[in-house]
Structures are given as C-alpha cells and as structure tokens.
Amino acid sequence: MVVAPESLPVLNAKQLRELARDLIAQIASRDRQIASLDQTISSKDREILYRQAKIDQLTHEMAVLKRWKFGRSREQLDAGQASLLDETIDADIAAIEQELQNLAPPDKAAKEPRQQPKRAALPPELPRVELHHEPDSTTCSCGCQLKRIGEDVSEKLDYTPGVLTVQRHVRGKWACSKCQTLTQAPVPAQIIDKGLPTSGLLAQVLVAKYADHLPLYRQETIFGRSGYPIARSTLAQWVGVCGVQLQPLVDALKTCMLQSVVLHADETPVAMLKPGNKKTHRAYLWAYAPGAFEDLKAVVYDFCESRAGEHARSFLGDWSGGLVCDDFSGYKASFGESITEVGCMAHARRKFFDLHASNKSEIAQQALTYIAQLYKVEREVKNLSADERLRIRQTESKPLLDALHQWMRLQRHRITDGTATAKALDYSLKRWVALSRFAQDGRLPIDNNWIENQIRPIAIGRGNWLFAGSLRAGQRAAAVMSLIQSAKLNGHDPYAYLKDVLARLPTHRNSLIEELLPHRWTPLPL
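As for the nonpolar core
Side chains that are nonpolar tend, in soluble globular proteins, to be buried together. Leu157, Leu246, Leu249 and Leu323 are the most contacted members of the largest nonpolar core, which has 85 residues in total. A per-element tally of this core places helix H7 (residues 232–257) first, with 13 residues. Here Leu157 is in contact with Leu122, Leu126, Leu164, Thr165, Val166, Leu196, Pro197, Thr198, Leu201, Tyr228 and Ile230, once residues within four sequence places are set aside. Counting residues in hydrophobic clusters, the runner-up holds 34 residues, among them Leu355, Ala364, Ile371 and Leu400.

See below:
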C-alpha cells in the first residue's frame, strides 16, 4: 500500500528536532552496546589466550620435571640430593596439576575428573573418631517424616602431635516413603578434594617441613612409627597442593604489609639444585617486614634465583616510605623520591666491635661507648608513641649523634688510609645521613635487627633446602614460611593456625580472605 504524501502528518521544526534527537540517542545507545559487546568479546579472548598460554607453560614445566625425575641425570646425584630432589619434584608436579585444574573451565573440570589412585584401607588398630553428618531437617518438603535407610562412610587420616587417628565421616541417608526423595548431608569440603588427609595432618606436614626443618623422607619414618607409614611421594603431593591453595593468603599478607610507612628488608643465601647440570648454585631468600614500631606484625619471604636489586624493586613495586636495610647495593636503585634509605646502626657497631675484638682498639672502644648510649635511649623509648619517641630522641639522641659524628671525622683525619680503623670509620661516615635518620622520625627504628631476627631461623634449615630448577619449590617454601613466621609473631601456634585455616579455606569467600591472615585470625569456637 502506498501512502499518499498528503496523508502523512506534517511536523513542525520543533517536532523534527525532537525526532532527530531521539534517533541520534538511539544510534548512540546502540553504538555503546556494540562497543561494550566488542570489549566483552575482546576481554574473553584475552582471558582465553592467557589461560592457554599458562596451560602451555605449566604443561612444559611438568614435562621438564618428569624428565628430571625419571631421567638418567637423577641417577648421577648422591643419595641425599636425590631424595630431596624427589620430594621437591613430586611437590612441584602436584602443584602444577592443581594450577591446571584451577585454570580448566568448570564444565571441562566436571567432565574430566582427575583419576584418584586406589589406596589401601587404613589400619584397623588406629583409633577412630566418628563424625556424624545428618540433614538439618528430617521432614520432607511434601510434609512426610523421612526414614533413615543407610549411610555413607568415608575415612580420613588425622594427626594431633604424636598421635595418628582416623576420622570416620558418617553421612546418614534419609528417604521419604511417599515421594521417594533421598536426603543426605553434603560431603564436608576439604583442602584436597577426595583426599586422605585432614587439615590437622596437612598442618603437621607443613610445620614439620618448614618450621622444624624435617625433610619428607624423615617424616615418612616418623609416621611409620606412629602406626601408618605415608610415602614421601604422597607427602610431597600434599605439600604441592597446599602451597597453591595458601598462596592467595600470602598475596593478601603482602598487600597489607605494603600499606606500612616503614619496612625492613634483608636477604640470605640458600642452595638451589639444578638437576640439569647436577650442581648447586647460590639463590636468595629475601625477607620483608613492617617497621619494628608498626602495629602490623608480619614477615613475607620472597625466593629469587639471585641477589640482583631488580628483585627488591619488583617486590616493592610502587610502595613509598622508609626502607630499613644494610648497605647492600641491590637496594640503592630503589632509593629516590618515594623510598627513603634508613641505615642500620647495628651494622656500624659491628665494624667497631670486630675491630676492638681483634686488637683492643681504643678508638673502637670509644665508638662502642657512644653507640651504647644511643641504644640506652632506644630501650627507654621502645614502648612510647612515635611523637614521644621523637621528642626524647631530639633531646637525648641527637646531641649524642652530633658528638659521635664530630669525633669520627676528627679521628678519621688522624688515621692512615687503608687501615682497619679507617675502614670502620669510613663505613659510618659515608652512610651518616641514613644512619642518623632515625633521630628525625619517631616511626623509624635505629637498626635492622627486627628483620634479621625473622630471617635467622631460615639459616637452621639451609641443609634441607635443595630446590629444583624451577622457582616453584623455593616460592612455595617462602609462602608457607611467611604464614608460619607471621603466626608466631602474633602469638599463635603455627600448627593450630594452619590446621584451622586449611579447614576453612575450601568454603571461605575470596573477598574475606584477609580474615584468615595471622594478625586478624581468630580460631573458630569449639
């Protein structure tokens, strides 16, 4: 049907403008929808590419680990190295499998469940503790009373210090005779899905390995004496999975720590084994902690293959504040407008202490006397507020620092270059601005002893830390040790802390992960 022109409505100029605006608005809205759709598709494409790249990387890494485990190069290692290497590789493989499972789409993960190996029944002589799981209500939705028609029983190996027990999870089956409905309590969530260990057993393995420095082959023997030998390969798999599951906690702890205005930093060498060349080389475990006077009590370790300063810069990112450290050159590139160097008076004192111990130097004795007076003031202001601490430092510490500085400069003019005394004086004089900075800010500590105390326990376990060629094992150790040491700093038993956290993690919301950090953790009521 053709409409005659004279039958069309006549629009005035105002109506035409309104119609044009409406059309333009509709076109703009559609353009925005198209742009939003394009952005969503692009974001999905990037996510798919990232997942695939990560999967390819992990698959390659797993292939390398399996070659190390079963290749000829392993046979050329001594027994001790081979044993530790086997533990590390098994843990790494389990960690990679867990990461691959996390990367897989939910539908694919559901269609391709991981094949669980058959395990032998737990010894009947081990004590049993029954945990019953029943529905909240035994009344059917149709109104009928449910009848118990059976139960499912699963057994998990639990551990309390010194004693292995078996948890028997009994899940009653309740049925409705009218509508044939079957009701059963859900399976309790576990950190290792369908796994044998409870959170208590996993906590024991982690604490024994990373706090008590017991390699897994020794733990295997200990569990055997307790009534049930657990293969070290199985223990290693548990460690690998736990490392992946606990990593979000360590990331959240690092985020909290980087909100501090003062940080301590230090590093210590550890041996790293590369099976490819059958040699060890020196890797480093870096340690970072909030300032000694900060409210947050925590420490975060970072495992790196070298001592290059880029590792410190990468860890700190865009953080700004006062960094308390020694004179290691790796930190120097970080100092600038946003990061202020804070020196360590304990390092300066150590130079004079060594000098006095070797030849009873009178100059060294005088320097030690000055520094002792500074530390006497620090003991007095330790528990005061930052403002009060600064006031006392300005009154008592600053005159001492000025006198010490003037005395050092005078002595240096009298000492021949290159002598041990000259070197001790030069160490302090060249770093005087950083060494005396604590007297200008009540939030700053006088030395770096706080972080050195946190890194000292690491030295005890060096003999048990031979890491595989990837950084994965070292980073896993750093993550677990960060949580263990931070738990200790907050007065918690690390076993009790990890046991509770590992029990709650499977059902804990990611948005509330900070509730499980050591400085905020409170155990669930019994």
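After presenting the structure, the write-up continues.
Concerning the environment of Val163
Topologically, Val163 is positioned in strand S3 (residues 163–175). Linking Val163 and Ser226, residues 63 residues apart in sequence, is a C-alpha distance of 6.4 Å.

Some words on the side chain of Gln454
Within the secondary structure layout, Gln454 lies in helix H14 (residues 449–460). By relative accessible area, which is 4% here, Gln454 ends up buried. There is a polar contact of 3.1 Å between the side chain of Gln454 and the side chain of Gln485. Sequence-distant contacts of Gln454, defined by excluding residues within four places in its chain, comprise Val299, Tyr301, Gln485 and Leu489.

Digging into the packing of aromatic side chains
All told, the structure shown has six aromatic pairs when counted by the stated rule. For the ring pair Tyr370 and Trp407, a centre distance of 5.8 Å and an interplane angle of 45 degrees mean the geometry is tilted. Of the two residues, Tyr370 is situated in helix H10 (residues 362–381) and Trp407 in helix H11 (residues 386–414); the sequence distance between them amounts to 37 residues. Here the two residues Tyr370 and Trp407 agree in accessibility, since each one is buried. Ring plane angle 85 degrees and centroid distance 5.3 Å describe the contact between Tyr497 and Trp521, whose orientation is recorded as edge-to-face. Placement of the pair is Tyr497 in helix H16 (residues 494–504) and Trp521 in the segment after H16, with a sequence separation of 24 residues. Here Tyr497 matches Trp521 in class, with each residue buried.

Structural notes on H11
With 29 residues, H11 extends 39 Å from end C-alpha to end C-alpha; this agrees with the ideal 42 Å at 1.5 Å per step. Along its length, H11 reaches its greatest deviation from straightness, about 45 degrees, at Gln394. Among the residues of H11, those classed as buried are Arg389, Ile392, Arg393, Ser397, Leu400, Leu401, Leu404, Trp407, Met408, Gln411 and Arg412. Contacts made by the buried residues of H11 are with helix H9 (345–359), H10, helix H12 (420–430) and helix H13 (432–435).

A look at the side chain of Ser482
Mapped onto the fold, Ser482 is located in helix H15 (residues 472–489). Discounting residues that sit within four places of it in the chain, Ser482 has contacts with Val250, Leu253, Val299, Val300 and Tyr301.

Concerning the pairing of strand S2 (residues 147–160)
As paired elements, S2 and S3 share 13 bridges and run antiparallel to each other. Pairing of Lys156 across the sheet is with Gln167, part of S3. The antiparallel hairpin formed by S2 and S3 contains two residues in its connecting segment, where Gly162 sits at a positive phi of about 95 degrees.

Details of the pattern of salt bridges
Side chains bearing opposite charge may pair, as long as their charged atoms lie close to each other. Summed over the entire model, instances satisfying the criterion amount to 19 salt bridges. We note a salt bridge from Arg393 to Glu378, for which the minimum N-O separation is 2.8 Å. Residue Arg393 is located in helix H11, and its partner Glu378 is located in helix H10; the two are separated by 15 residues in the primary sequence. Here Arg393 matches Glu378 in class, with each residue buried. Across the pair Arg412 and Asp426 runs a salt bridge, and its minimum N-O distance is 2.7 Å. In this pair, Arg412 sits in helix H11 while Asp426 sits in helix H12, placing the two residues 14 residues apart along the sequence.

Focus: the packing of H7 against H15
The interhelical angle for the contact between H7 and H15, taken along N-to-C directions, is 60 degrees, at an axis separation of 8 Å. In terms of axis orientation, H7 runs oblique to H15. Considering how the two elements wind past one another, H7 and H15 form a crossing that is left-handed. Contact residues: Val239, Gly240, Gly243, Leu246, Gln247, Leu249, Val250 and Leu253 in H7; Arg476, Ala479, Val480, Ser482, Leu483 and Ser486 in H15. Its residues assigned to classes, the contact of H7 with H15 shows eight nonpolar, five polar and one charged.

Some thoughts on helix H5 (residues 199–210)
Look at H5: 16 Å from first C-alpha to last across twelve residues, which is about the 16 Å you get at 1.5 Å a residue. Extensive coverage of H5 is indicated by the burial of twelve of its twelve residues. Buried within H5 we find Ser199, Gly200, Leu201, Leu202, Ala203, Gln204, Val205, Leu206, Val207, Ala208, Lys209 and Tyr210.

So, the packing of H5 against H16
Look at H5 against H16: their axes get within 8 Å of each other, and the N-to-C directions meet at 135 degrees. Relative to H16, the element H5 is oriented oblique. For the element pair H5 and H16, the recorded crossing hand is right-handed. Residue-level contacts link Ser199, Gly200, Leu202, Ala203, Gln204, Leu206 and Val207 of H5 to Pro494, Tyr495, Leu498, Lys499, Leu502 and Ala503 of H16. Residues of the contact of H5 with H16, tallied by class, amount to nine nonpolar, three polar and one charged.

A few points about unusual backbone geometry
We note that His213 has phi near 60 degrees; this positive angle belongs to a residue other than glycine. Its location among the elements puts His213 in the loop between H5 and helix H6 (216–226). Residue His213 is classed as buried on the basis of its relative accessible area, which comes to 12%. Notably, Lys360 is not glycine yet its phi reads approximately 55 degrees, a positive angle. With respect to the helices and strands, Lys360 occurs in the loop between H9 and H10. Taking relative accessible area as the criterion, Lys360 reaches 60% and is therefore assigned exposed.

Procedures and definitions
Residues numbered from 1 in each chain as written. Predicted model: local features only at pLDDT ≥ 70, side-chain atom pairs only at ≥ 80, totals over all residues. Heavy atoms only, no water. Core = buried A, V, L, I, M, F, W, Y, C linked by side-chain atoms within 4.5 Å. Buried < 20%, exposed > 50% of the residue type's maximum accessible area, 1.4 Å probe, protein only. Helix = DSSP H or I, 4+ residues; strand = E, 2+ residues; numbered from the N terminus. Contact = heavy atoms within 4.5 Å. Polar contact = N/O pair within 3.5 Å; in protein donor to acceptor, adjacent residues only side chain to side chain. Phe/Tyr/Trp six-rings, centres within 6.5 Å; stacked < 30°, edge-to-face > 60°. Expected span 1.5 Å × (residues − 1). Bend = angle between axes of the 7 residues up to and from the residue. Pairing = 2+ DSSP bridges. Salt bridge = Lys/Arg side-chain N within 4 Å of Asp/Glu carboxyl O. Axes fitted to C-alpha atoms, helices over the stretch in contact; angles between N-to-C directions. Parallel < 35°, antiparallel > 145°, perpendicular 65-115°, else oblique. Left-handed = near helix turned anticlockwise from the far one by under 90°. Nonpolar A, V, L, I, M, F, W, Y, C, P; charged D, E, K, R; others polar.

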